Amino acid sequence: MKERHLWLLALMLGMAPAAQAAQPGQIKQTIDQSIKTRETSQKKAADWQGSKERMKNRYFQLKEALEMTGLELSHMQEVTAKQDAYLVRTRRKVHEMEKMGRELQPYLNQQVARLSDHIKKDLPFLPEERSARITTVHGILNDPEIPLSEKLRRTFEAMRVEMDYGKSIETTRTEIDYQGQKVLVNMLRLGRTALLMQTIDEKESGLYAGGTWVQLPGQYGAEIKKAMEITQRRRPVDFVNLPLREIKQ
């Protein structure tokens, strides 16, 4: 306050003679107005400085946000380009699969038909099981709701089973047409090489040849029984003498 009074005194002493003659009230009003103007100017300067700092900070914030947006945009453009390339490859694969499907379906139908024909001409073993498998595969191939991959898998599976029959040896009990009547027999299958049978009472043995069962000489009865016991693991592996072709009586 002391400095203020000194400043006011200096202002009064420096006034022109006409001002010195002015009334004290006018002098005080002029001084107050000057002080108010100065305070207003100082306040405006302070407000401007604060506004300037805020605008500066906002500028740097916007600049940083813009840089981040640019990086994100560049990343999104890269991702979009990769996705577009992936979609092109996917469409190409779908087109190729559709083309493959149109070509593969007839191929599978053809293979199953050939397999069915082969079973009919093959040795007559496991007829119900093999026929049922072909019927099932036919139904799968004709079902539009089953995917092509499953049709392919089931067709190859049926083909593999038939192929494995050629590498296996087994003995089963089944009923056959023998000498004009149904007879229950033990049947020995040697892959697809030979099909032999022996009646349950072991009195007669036969070989499937020429589309029918042919009776074998009695000397083969013991050998066929021995071979059946080996396949059933009822005796150790041993050499056996089995006919693979029709034996002339």
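The rules behind the values
Residues numbered from 1 in each chain as written. Predicted model: local features only at pLDDT ≥ 70, side-chain atom pairs only at ≥ 80, totals over all residues. Heavy atoms only, no water. Buried < 20%, exposed > 50% of the residue type's maximum accessible area, 1.4 Å probe, protein only. Helix = DSSP H or I, 4+ residues; strand = E, 2+ residues; numbered from the N terminus. Pairing = 2+ DSSP bridges. Phe/Tyr/Trp six-rings, centres within 6.5 Å; stacked < 30°, edge-to-face > 60°. Lys NZ or Arg CZ within 6 Å of the ring centre and 35° of its normal. Salt bridge = Lys/Arg side-chain N within 4 Å of Asp/Glu carboxyl O. Axes fitted to C-alpha atoms, helices over the stretch in contact; angles between N-to-C directions. Parallel < 35°, antiparallel > 145°, perpendicular 65-115°, else oblique. Left-handed = near helix turned anticlockwise from the far one by under 90°. Contact = heavy atoms within 4.5 Å.

Caption draft 1: Spatial organisation of the pairing of strand E2 (residues 181-190). Of all the ten residues making up E2, seven are buried; the element is thus mostly covered by neighbouring parts of the structure. Two elements, strand E1 (residues 169-178) and E2, share ten bridges in a ladder whose sense is antiparallel. Bridge pairing links Thr 172 to Met 187 in E2. Relative to strand E3 (residues 194-199), E2 is paired through six bridges, and the arrangement is antiparallel. Across the sheet, residue Asn 186 finds its bridge partner in E3, namely Gln 198.

Caption draft 2: How the structure looks around the packing of aromatic side chains. Using the criterion set out here, one finds three aromatic pairs in the structure. Ring geometry for Tyr 59 against Phe 60: centres 5.3 Å apart, planes inclined by 70 degrees, an arrangement best described as edge-to-face. The exposure class assigned to Phe 60 is partly exposed, which follows from its relative accessible area of 43%. The positively charged end of Arg 189 is found above the aromatic ring belonging to Phe 125, 4.7 Å away from the centroid.

Caption draft 3: Quick look at unusual backbone geometry. Its identity as a non-glycine residue notwithstanding, Leu 126 has a phi of 45 degrees, on the positive side. Mapped onto the elements of the fold, Leu 126 is located in the loop between helix H3 (24-121) and helix H4 (127-141).

Caption draft 4: Focus on the pattern of salt bridges. One pass over the structure, following the stated rule, counts 20 salt bridges. For Arg 192, the salt bridge is made with Glu 162, and the minimal N-O distance between the two is 2.8 Å. One end of the pair, Arg 192, is in the loop between E2 and E3; the other, Glu 162, is in helix H5 (residues 148-165), and 30 residues separate them in sequence. A relative accessible area of 25% places Arg 192 in the partly exposed class. A salt bridge links Asp 238 to Lys 226; the shortest N-O distance between them is 2.9 Å.

Caption draft 5: Local environment of the packing of H4 against H5. Look at H4 against H5: their axes get within 9 Å of each other, and the N-to-C directions meet at 160 degrees. With respect to H5, the element H4 is oriented roughly antiparallel. Between H4 and H5 lies a crossing whose hand is left-handed. In this structure, H4 contributes Glu 129, Arg 130, Arg 133, Thr 136, Val 137, Ile 140 and Leu 141 to the contact, and H5 contributes Lys 151, Arg 154, Thr 155, Ala 158, Val 161, Glu 162 and Tyr 165.

That is the geometry; function is a separate question.
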